[in-house]
Amino acid sequence: MTSISVKRNLYKLTMPIFIDIALVMMLGAVDTVMLSRFSDDAVAAVGLDNQLMSFVFLIYQFVSMGAAILCAQYYGAGFRSRFIQIVGIALAVNLLLGMAISAMLFFWAEPLLTAFGLRENLMADGASYLKITGALSFFQALSLTFSAVLRSTGKTIYPMLTTVVVNIINILGNYALIFGHWGMPAMGVEGAACATAGSRIISMILLSCFIPSLWPSGLKATEEQRKRLARVKAKVVGKKNALKGYFRPFPRQELKNLFRIGIPAMSEEMSYSLSQIVITFFINQISTEALTTKVYCTTIIVFVILFSTSIVQGGDIIVGHYIGQLRYRAAYFLGNYVFRVAITLTLIVATLLVFGGQFILRFLTDNEEIIRMGMWIFVIDWFLDIGRVKNIFACGTLRATGDAIYPVIVGVLSQWIIAVGVAWFVGIHLGFGLLGMWAAFCLDENLRGVILMRRWHSQKWRGKSFTAKL
């Protein structure tokens, strides 16, 4: 009965995450699809911009990822004061970081895009899109923090509802501003940027409205947790319900914990994103068609891994709670179950894409060369997905246990030696182009997957949680 209850709770958490991630992906895909009706050059320019913005969001996520892991463990252990301290610190850090990066993206848009190899004929569209979305990106920094905190407590329904509203607004905004409907000017790429940036602002406002609901009801410790809490209870100045009391004196240890888990968690993701930017630079040297094919295929393929990403994130919430309670055996068995479900669902969807991907590509473009390359990429990606699911699971779940350093070391070495080095050698030096580079990506994902899964099964992550050290 306990096993059934845990699985039911897992799927209860996973479904809102699934819908939320799908709609977040749709937020970027909508720009690509609508701009494909505008021009393939606009798609290529915005595709490179979004690659850069994905890297920026990973910088913001180092705070929100660290906050999510700590909040899940503290929530599971019943440490209310520490939970609140982490939330406050994470919001403050991400706000300051977000404003600094937003200013840089606005004032240095052209030099950044030039450094990443954007072609001259695409620069006008690329720069205008980056200036608008980049200048307002600090709203996304706050949204990521709010969403991470809500998910860590199991309130996955709130980010999902927010994303539903935001997607509707973005689609309507794109329709009005790209093509000039409903009395609006036809702004093209700038219109897509305004709609996307505006929807992110609304997302932050809506998510912030759900946060106060955590304070009155959250973190009611069990009797066993109260005994442990008595040994580590943080000193609170003033009234219990006064939030400022949780930050007097300033909780420096929690700030250190946030960076201790957040920086390694971010480093692997940032390394991957940087490697993808370098790879995109290489692809841009091949041809505009190769770059456009990469943008289209990547936009489609992210939906293949949607199932594994959502169920792993749902599982990581429960694993984090178990780790906070020092229930390592339960965390291990739940993790294995999550992996089996994730890889089964992903390979089913990848198979459907191999046979049906041509219809999707023909909807997006009538360029036969793009369609031909895209179909071969979907075939290679079926094998790549085996390793990708292992990486998504192992990286996320190891971080949830507090074992954040090992995935970084493995990720950085493999991504730069194989995904970048071998991809350049095969794709550029040997002349196999985009398909040769995709084969190198397949090798990278599968090698990392084998190494990280061995780490998970070794259970060397036991005892690395923050609550175990209190």
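The model shown is predicted, which means the values in this text are computed figures rather than measured ones.

A.B. asks: I'm lost on the overall build of the protein in this one. Help?
C.D. replies: Counting its regular elements, the protein contains 17 helices and zero strands. In the protein, buried positions account for 57% of the 470 residues. Counting contacts in the protein only where the partners sit at least 6 residues apart, residues at least 24 apart contribute 84% of the total. When the accessible area of the protein is evaluated, it comes to approximately 19,600 Å², of which 68% is carbon and sulfur surface.

A.B. asks: Just to check I follow, could you spell out unusual backbone geometry for this structure?
C.D. replies: Note on backbone geometry: most residues besides glycine have negative phi, and most peptide bonds are trans. Residues other than glycine seldom take positive phi values, yet Q459 does so here, at roughly 60°. Its place among the elements puts Q459 in the segment after α17 (433–458).

A.B. asks: What should I look at first to understand the packing of aromatic side chains in this one?
C.D. replies: Given two aromatic rings, their pairing is described by the distance between the two centres and the angle made by the two planes. Taken as a whole, this structure holds 14 aromatic pairs when the rule is applied. An aromatic cluster is defined as three or more aromatic residues linked by ring pairs; in this entry it consists of Y328, Y332, F333, F339, F393, W456 and W461. Seen from the ring of Y406, R455 lies directly overhead, with NZ or CZ sitting 4.3 Å from the centre.

A.B. asks: Whenever I open this one, helix α13 (residues 306–324) confuses me. Can you help?
C.D. replies: Helical geometry: 3.6 residues make up each α-helical turn, so side chains three or four residues apart lie on a common side. The terminal C-alpha atoms of α13 lie 27 Å apart, and with 19 residues this matches the ideal 27 Å at 1.5 Å per residue to within 8%. Most of α13 is tucked away: 17 of the 19 residues are buried. Where α13 terminates, the next one or two residues include L326, which has phi positive at roughly 65°.

A.B. asks: I tried to follow the pattern of salt bridges on my own but got confused; where do I start?
C.D. replies: Pairs can form between side chains of opposite charge once their charged atoms are near each other. Tallied over the full model, the rule gives eight salt bridges. Of the charged contacts, one joins R388 and D385 as a salt bridge, the two residues approaching to 2.5 Å between their closest N and O atoms. Here the residue R388 and the residue D385 both occupy positions in helix α15 (residues 368–401), the gap between them amounting to three residues, near one helical turn. Classification of R388 as buried rests on a relative accessible area of 11%. On the accessibility criterion, D385 (1% relative accessible area) is buried. In this structure, R448 engages E445 in a salt bridge whose closest nitrogen and oxygen atoms are separated by 3.2 Å. A residue pair is termed a helical-turn pair when its members lie 3 or 4 positions apart in one helix, as R448 and E445 do in helix α17 at three residues. For E445, a relative accessible area of 5% gives the class buried. Through salt bridges with shared partners, a single ionic network connects D381, D385 and R388.

A.B. asks: Just to check I follow, could you spell out the packing of α15 against α17 for this structure?
C.D. replies: To characterise two packed helices, one gives the angle between the axes of the helices and the distance between these axes. Orientation of α15 relative to α17, taken along the N-to-C sense of each, is 25°, at an axis distance of 8 Å. Considered as vectors, α15 and α17 are oriented roughly parallel to each other. Considering only the axes of α15 and α17, their crossing is left-handed. Partitioning the contact of α15 with α17 into residue classes produces 21 nonpolar, six polar and six charged.

A.B. asks: I'm lost on the nonpolar core in this one. Help?
C.D. replies: As a rule of thumb, nonpolar side chains are buried together in soluble globular proteins. With 85 residues, the main nonpolar core has F378 and W438 as its most contacted residues. At 18 residues, helix α2 (residues 40–77) tops the list of elements feeding residues into this core. Apart from the residues within four sequence positions on either side, W438 is in contact with K294, T298, I301, I377, I380, D381 and L384.

A.B. asks: Looking at this structure, I do not really get the environment of G433. What am I missing?
C.D. replies: Residue position: G433 is located in helix α17. Along the chain, G433 and A423 lie 10 residues apart, while their C-alpha atoms are 9.0 Å from each other. In this structure, G433 is in contact with I286, V426 and G427, ignoring residues within four places of it in sequence.

A.B. asks: Which parts of the structure should I look at to understand the side chain of T397?
C.D. replies: By secondary structure assignment, the location of T397 is in helix α15. Relative accessible area serves as the criterion here: at 2%, T397 is assigned to the buried category.

A.B. asks: Just to check I follow, could you spell out the environment of Y175 for this structure?
C.D. replies: On the secondary structure map, Y175 appears in helix α7 (residues 157–179). A relative accessible area of 34% means that Y175 is categorised as partly exposed. Spatially, the C-alpha atoms of Y175 and M34 are 7.9 Å apart, while their sequence positions differ by 141 residues. Once residues lying within four places of it in the same chain are set aside, the contact partners of Y175 are M34, G180, H181 and W182.

Cut-offs used in this document
- Residues numbered from 1 in each chain as written.
- Predicted model: local features only at pLDDT ≥ 70, side-chain atom pairs only at ≥ 80, totals over all residues.
- Heavy atoms only, no water.
- Helix = DSSP H or I, 4+ residues; strand = E, 2+ residues; numbered from the N terminus.
- Buried < 20%, exposed > 50% of the residue type's maximum accessible area, 1.4 Å probe, protein only.
- Contact = heavy atoms within 4.5 Å.
- Areas by Shrake-Rupley, 256 points an atom, 1.4 Å probe, with all protein chains shown as cover.
- Phe/Tyr/Trp six-rings, centres within 6.5 Å; stacked < 30°, edge-to-face > 60°.
- Lys NZ or Arg CZ within 6 Å of the ring centre and 35° of its normal.
- Expected span 1.5 Å × (residues − 1).
- Salt bridge = Lys/Arg side-chain N within 4 Å of Asp/Glu carboxyl O.
- Axes fitted to C-alpha atoms, helices over the stretch in contact; angles between N-to-C directions.
- Parallel < 35°, antiparallel > 145°, perpendicular 65-115°, else oblique.
- Left-handed = near helix turned anticlockwise from the far one by under 90°.
- Nonpolar A, V, L, I, M, F, W, Y, C, P; charged D, E, K, R; others polar.
- Core = buried A, V, L, I, M, F, W, Y, C linked by side-chain atoms within 4.5 Å.

In short, geometric facts, not functional conclusions.
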